[in-house]
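Structure at a glance
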Amino acid sequence: MAESKLSNPPVTLDIPVEGMTCASCVGRVEKAIKSVNGVASANVNLATGRATVSLAPSPADPQAVADAIRKAGYEPAASKVELKIDGMTCASCVGRVEKALKRVPGVLDATVNLATERASIRTLSGADSVGRLKAAVAEAGYEARELHPHRAHGDHSDHARPASEAEIAGLRRALTVAAVLTLPVFVLEMGSHFVPGMHDWVMETIGHRQSWYLQFVLTTVVLFGPGLRFFKKGVPALLRWAPEMNSLVVLGTSAAYGYSLVATFLPDALPLGTANVYYEAAAVIVTLILLGRYLEARAKGRTSDAIKHLLNLQAKTARVVRDGASLEVPLEEVLAGDMVQVRPGEKVPVDGDVIEGSSFVDESMITGEPIPVQKAKGAEVVGGTINKTGSFTFRATRIGADTVLSQIIRMVEQAQGSKLPIQAMVDKVTAWFVPAVMAAAALTFLIWMVFGPDPALTFALINAVAVLIIACPCAMGLATPTSIMVGTGRAAELGVLFRQGEALQSLKEIGVVALDKTGTLTKGRPDLTDFVAAPGFSETEVLKLVAAVESRSEHPIAEAIVDAAKRQGIPLASTDSFDAVPGFGVSATVGGRKVDVGADRFMTKLGLPITEFVSTADRLGQEGKSPLYAAIDGRLAAIIAVADPIKPSTPEAIKALHALGLKVAMITGDNRKTAEAIARQIGIDEVVAEVLPDGKVETVKRLREKFGKIAFVGDGINDAPALAEADIGLAIGTGTDIAIESADVVLMSGDLRGVVNAIALSKATIRNIRQNLFWAFAYNVVLIPVAAGALYPVDGTLLSPMVAAGAMALSSVFVVGNALRLRRFKAPIEARREAAPEMPLASVKSAH
């Protein structure tokens, strides 16, 4: 009935369409939409840029409408809705909510996560889509409210942990009451099995019938007091023919309780010798399941610790300057363009650019680098980082959902809410699991009634109840999402952001890691690596003259030489008659001295032999460096090498990737000789040189054919096509530029060792998921037959419903507890952002 209510009436979709510029566009879009089967009418408005589509009942498919618009050359703008779903308890609930959401006209896709209790929906519907989605969830028997993940500043309500403090407190109270009332029921009925003389004492003091009456009263309070939550969810689900976990509990406890009621008040209605009571089974089942729910809620709360930690990094207030006065305002009142003051020890409230003052700021929460970074005028600061010593004023540039910290939180949440391909198999099983358990319980009852020993009815009842109670779809539903939550959260703490949860599974399956050279293997900017003066010349004096000449040039090599002089504290002299000779070098007069800097051919053109530097030049060539020469007053004065240096962490990272059994390839635009020299230095397996930017995609395809699945690591900007083409794209982050849409994984530290940690964490998480799934399935496959009495013909083993309840309760707790072990994941190698070395010039020389 729920389906008919949702799908029968015609529904109108209001779809934003991007790319329309004229009346011809309108006609094309309308024609394309009307060609879709199930579309009753379509009206496209150029002024509003929207298409109003009326869908007829049944064969209408919103995805087909979107595809038709896309094929016509335009883009339908789907919106994303996040809902918090209350009332889900097991994998069956997840499947039911997903189906209900996907039936809503206009919905392209819907994913529901049991661990986060969230639904993520892509829809083509207009403004009323949220109302329709909530109504669909309500029809399925659950409650939904809209989340606002992009709200400005620190609105913690949408980021609350899945198991709130209120929920945990409520379960604690219910468990306490249930335990206190259940204990006397258990002692009265089962005490005689453990304490000699207990039965006689009960008969003499309380009386047999009075004992049953007392158990009836206490059990009734347990079932319809603390246990009422199961009936509120389970009974409506049964009436909708959509049974779930609560339904199994209701059937099991009701069977034991109902049978006991008949035995207590209408004993003659039962076959002779079968008038026994099982109040203790019903009460203990409720109590043990409440214990399991309580432990599970506490454990689930800990799975979101990473998000809570990130949220706690946010400042609560900011000190802004308005109308010449300094005011402390709540974080949500900070505006872009505000002047914000930060004093020693305070958190930077939002992102911005320093305009006055200087200090050292701890950016470890973003980069993983423990050493504070100096900030002065023009430097960028990030919200959530901690000011150390000085004070400064900055202009707010990004606020609310646009800050780096908010982007990180959003990425982690998206990854935590996603489904892995491995979940598809679980979804298929859980779709029929609860009905199958109910069928198994019914079959168990019939078999024991027909073939069981006397009293057959008693055996049939106990074993059927045990089957209902021991089945645990909760464990199956939590197996994957809890591991994803903890794994992606731990990754964020290590500076690895999984933008797509699917990357967790795919990353462990790669065979080759392809690395862009510039900015990934190297620092991405040239440095002065070698400076050797000729006999009779002072290194400092030659560098001073060369830097003076190069200060007139804007070439990156010139900038590297000038930067090296500045680091040595060498002042730059003024120059006269500067002259650039294209393809050769530059010349100038500095303090009356003639200075020439250029390649070997420039020295040859000047008639200066370079024979004394032949061995040094050969060594530089083997290292993939191109030497430059400096001449002063017509004499060869020095050999210089400027190169983009390998990051100190790169060799260690390459070695670690090899240890994981992976091939490593380097893709670069450098000439082959230089590229192969670098590859020899750091142990690269495959070199693809002289590749133009637009050729990287084809290179990725060729490497995939040769080695299998490929991960490409680049800077996330110039390498966007290759990142998108690879099976997994990993973007080397800069600490502030993290919104890289083409990548699946962002490495915040800018350190290649983060790749190793991401792959290791992927392997650990998938291993954890498989452990959980094995437990969840093995538990049900093995224990449901045992509960049905499969071992009785062999050794007389039967499973008490109370034992079944305890096993079921602990099953979910085991799965969540196992997932929490990922919080202790240790990174194989520590990743940190490398700082450019500032060694003295003499050290540069002696190092070579």
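What comes next concerns the included structure. (Residues numbered from 1 in each chain as written. Predicted model: local features only at pLDDT ≥ 70, side-chain atom pairs only at ≥ 80, totals over all residues. Heavy atoms only, no water.)

Things to note about the nonpolar core
How we decide: What makes a nonpolar core is a set of buried Ala, Val, Leu, Ile, Met, Phe, Trp, Tyr and Cys residues whose side-chain atoms join them at distances within 4.5 Å. Partly exposed describes any residue whose relative accessible area lies between the buried limit of under 20% and the exposed limit of over 50%, with all areas from a 1.4 Å probe on protein chains only and scaled to the type maximum. A run of DSSP states H or I qualifies as a helix once it reaches four residues; a run of E qualifies as a strand once it reaches two. Both are numbered from the N-terminal end. Any two residues whose heavy atoms approach within 4.5 Å are treated as being in contact.
Leu101, Phe498, Ile684 and Leu730 are the most contacted members of the largest nonpolar core, which has 146 residues in total. For this core, the leading source of residues is helix 28 (residues 753–788), giving 16 residues. Leaving out residues up to four positions away in the same chain, Leu730 has contacts with Leu507, Ala711, Phe712, Val713, Gly714, Leu723, Val745, Leu747, Val755 and Ala758.

Quick word on helix 21 (residues 556–567)
The criterion, for reference: For a helix, the expected span equals 1.5 Å multiplied by the residue count minus one.
Helix length check: helix 21, at 12 residues, gives a terminal C-alpha distance of 16 Å against a target of 16 Å (1.5 Å per residue), a fit within 8%. Among the residues making up helix 21, those that are buried are Ala558, Ala560, Ile561, Val562, Ala564 and Ala565. In the core, the buried residues of helix 21 are packed alongside strand 19 (527–533), helix 20 (539–550) and strand 24 (635–643). Positive phi shows up at Gly569, right after helix 21, with a value of about 75°.

Some words on helix 23 (residues 614–622)
Rule in force here: By arc we mean the arc of the directions from the helix axis to the C-beta atoms, nothing more.
Listed as buried for helix 23 are Thr616, Ala617 and Leu620. Around the axis of helix 23, the buried residues are gathered within 100° of arc, so they sit on the same side. Away from its buried face, by an angle of more than 90 degrees, helix 23 presents the exposed residues Ser615 and Gln622. Elements that come into contact with the buried residues of helix 23 comprise strand 19, strand 23 (627–632) and strand 24.

Focus: the sheet that holds strand 19
Definition in use: Any two strands with at least two DSSP-identified bridges between them are counted as paired. Interaxial angles span 0 to 180 degrees and are taken between N-to-C directions of axes, which are lines fitted to C-alpha atoms, for helices over the stretch in contact.
With antiparallel pairing, the six strands of this open sheet are ordered in space as 19-24-23-22-21-20. This sheet does not close on itself; its edge strands, each paired only once, are strand 19 and strand 20 (575–581). In this sheet, neighbouring strand axes are inclined to one another by 20° on average, regardless of whether the strands run parallel or antiparallel. With six bridges joining them, strand 21 (residues 585–590) and strand 22 (residues 593–598) adopt antiparallel strand pairing. For Val586, the partnering residue across the bridge sits in strand 22 and is Val597. Packed onto the sheet, helix 20 meets strand 19, strand 20, strand 21, strand 22, strand 23 and strand 24 and runs at close to 110° relative to strand 21. The strands touched by helix 21 are strand 19, strand 23 and strand 24; relative to strand 24, the strand with the most contacts, the crossing angle is about 105°.

Topic: the sheet that holds strand 2 (residues 39–45)
The pairing of strands in a sheet comes from backbone hydrogen bonds and takes either a parallel or an antiparallel form. With antiparallel pairing, four strands are arranged side by side in an open sheet as 2-3-1-4. What marks the edges here is a single partner per strand, and that holds for strand 2 and strand 4 (75–76). Relative to strand 4, strand 1 (residues 11–18) is paired through two bridges, and the arrangement is antiparallel. Residue Val17 lies in a different strand from strand 4, and its bridge partner there is Pro76. Of the strands in this sheet, strand 1, strand 2 and strand 3 (50–55) touch helix 2 (residues 23–34), which is tilted by about 165° from strand 2.

Structural notes on the packing of helix 16 (residues 456–470) against helix 28
Quick note on the threshold: Reported orientations rely on four angle classes, namely roughly parallel under 35 degrees, roughly antiparallel over 145, roughly perpendicular from 65 to 115, and oblique for the rest. Crossings are classed by handedness, with left-handed meaning an anticlockwise turn of the near helix from the far one by less than a right angle and right-handed meaning a clockwise turn. Residue type decides the class: Asp, Glu, Lys and Arg count as charged, Ala, Val, Leu, Ile, Met, Phe, Trp, Tyr, Cys and Pro as nonpolar, and the leftover types, Gly among them, as polar.
Axis separation between helix 16 and helix 28 bottoms out at 8 Å; the angle between their running directions is 165°. Taken together, the axes of helix 16 and helix 28 lie roughly antiparallel to each other. The two elements helix 16 and helix 28 meet at a crossing, and its hand is right-handed. Every residue of helix 28 that contacts helix 16 at Asn463, Ala466, Val467 and Ile470 is listed here: Tyr779, Asn780, Leu783, Ile784, Ala787 and Ala788. Classifying every residue of the contact of helix 16 with helix 28 by side-chain character gives eight nonpolar, two polar and no charged.

Quick notes on the pairing of strand 18 (residues 512–516)
With five of five residues buried, strand 18 lies mostly within the body of the structure. By the bridge criterion, five bridges tie strand 18 to strand 25 (residues 663–667) in an arrangement that is parallel. In the sheet register, Val512 faces strand 25, and the bridge partner there is Lys663. Across four bridges, the pairing between strand 18 and strand 27 (residues 710–714) is parallel. Across the sheet, the residue bridging to Val512 is Ile710, located in strand 27.

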